[in-house]
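One letter stands for each residue in the lines below.
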Amino acid sequence: MIVNVKEFEEVSKLPGAKRYEYFIKKVADNEELWGLYNDGWAMVADDDGNEMIPFWPRKEFAEACCLEQWSNYSAEPIDLYEFIDGWLVDMKKDGLSAAIFYTKHDKGIVVKPEKLTEDLNEELENY
């Protein structure tokens, strides 16, 4: 499903916490999320040097971040169940967090893998 321009603009302007809620619902609905890939997954670091992997709920939001340091990256889908059972387990082991719904205006909501797993599983219980 394609995000229309109005939805894209409105959701992009939401505060981080509301974008996180949108992310959880859309990822559960579509059973996929998106990352940026180019010979490895895009990474971002906070001011303290803690590394995070950015994720988006839809392809269009990820593609909108293919700028500057990520201009050579492309949006790639990630299966939700592979993400929960594989990615988040590995991210916890590696000490990585998720930067949820990064935009060109802010670095998104930083979420630990355990919290993201809990929130996604809770949302999936509604289906």
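Above this text sits the structure in question.
Here goes a summary of the coordinates provided. Bear in mind the structure is a predicted one, so any value in this text is a computation, not a measurement.

Right, let's get into the side chain of Thr103. Within the secondary structure, Thr103 is located in the loop between strand 5 (97-100) and strand 6 (109-111). Leave out the neighbours within four places in its chain, and Thr103 touches Ser12, Arg19 and Cys65.

Quick look at the pattern of salt bridges now. When the charged atoms of two side chains with opposite charge come close together, those side chains can pair. Taken as a whole and judged by the stated rule, the model has 6 salt bridges. A salt bridge links Glu114 to Lys92; the shortest N-O distance between them is 3.9 Å. Of the two residues, Glu114 sits in helix 5 (residues 113-124) while Lys92 sits in helix 4 (residues 80-94), which places them 22 residues apart along the sequence. What makes Glu114 partly exposed here is its relative accessible area of 38%. When its relative accessible area of 51% is taken as the criterion, Lys92 is described as exposed.

Most of strand 3 (residues 51-55) is tucked away, with 4 of its 5 residues classed as buried. Both strand 2 (residues 44-45) and strand 3 contribute to a ladder of 2 bridges, which runs antiparallel. When the sheet's bridge partners are listed, Ala45 is paired in strand 3 with Glu51. Linking strand 2 back to strand 3 in an antiparallel pair, the connection comprises 5 residues, with Gly49 at a positive phi of about 85°.

For the pair helix 1 (residues 5-13) and helix 2 (residues 16-30), interaxial distance at closest approach is 9 Å and the crossing angle is 130°. What the angle tells us is that helix 1 and helix 2 run oblique. Contacts between helix 1 and helix 2 involve Glu7, Val11 and Ser12 from the former and Arg19, Tyr22 and Lys26 from the latter. Considering only residue class, the contact of helix 1 with helix 2 consists of 2 nonpolar, 1 polar and 3 charged.

Another aspect to go through is helix 5. Counted at 1.5 Å a residue, the expected span for helix 5 with its 12 residues is 16 Å, and the 16 Å between its end C-alpha atoms agrees. Among the residues making up helix 5, those that are buried are Pro113, Leu116, Asp119, Leu120, Glu123 and Leu124. Axial view of helix 5: buried residues confined to an arc of 135°, hence all on one face. Check the buried side of helix 5 and you find it contacts helix 2, helix 4, strand 5 and strand 6.

Moving on: the sheet that holds strand 6. Pairing is mixed in the open sheet, where 4 strands are placed in the order 2-3-5-6. Of all the strands in the sheet, just strand 2 and strand 6 have a single pairing partner and so form its edges. Both strand 3 and strand 5 contribute to a ladder of 4 bridges, which runs parallel. Bridging across to strand 5, Pro54 finds its partner in Ala99. Contacts between helix 4 and the sheet are confined to strand 3 and strand 5, with strand 3 contributing the most and set at about 160° to the helix.

Parameters at a glance
- Residues numbered from 1 in each chain as written.
- Predicted model: local features only at pLDDT ≥ 70, side-chain atom pairs only at ≥ 80, totals over all residues.
- Heavy atoms only, no water.
- Helix = DSSP H or I, 4+ residues; strand = E, 2+ residues; numbered from the N terminus.
- Contact = heavy atoms within 4.5 Å.
- Salt bridge = Lys/Arg side-chain N within 4 Å of Asp/Glu carboxyl O.
- Buried < 20%, exposed > 50% of the residue type's maximum accessible area, 1.4 Å probe, protein only.
- Pairing = 2+ DSSP bridges.
- Axes fitted to C-alpha atoms, helices over the stretch in contact; angles between N-to-C directions.
- Parallel < 35°, antiparallel > 145°, perpendicular 65-115°, else oblique.
- Nonpolar A, V, L, I, M, F, W, Y, C, P; charged D, E, K, R; others polar.
- Expected span 1.5 Å × (residues − 1).
- Arc of directions from axis to C-beta.

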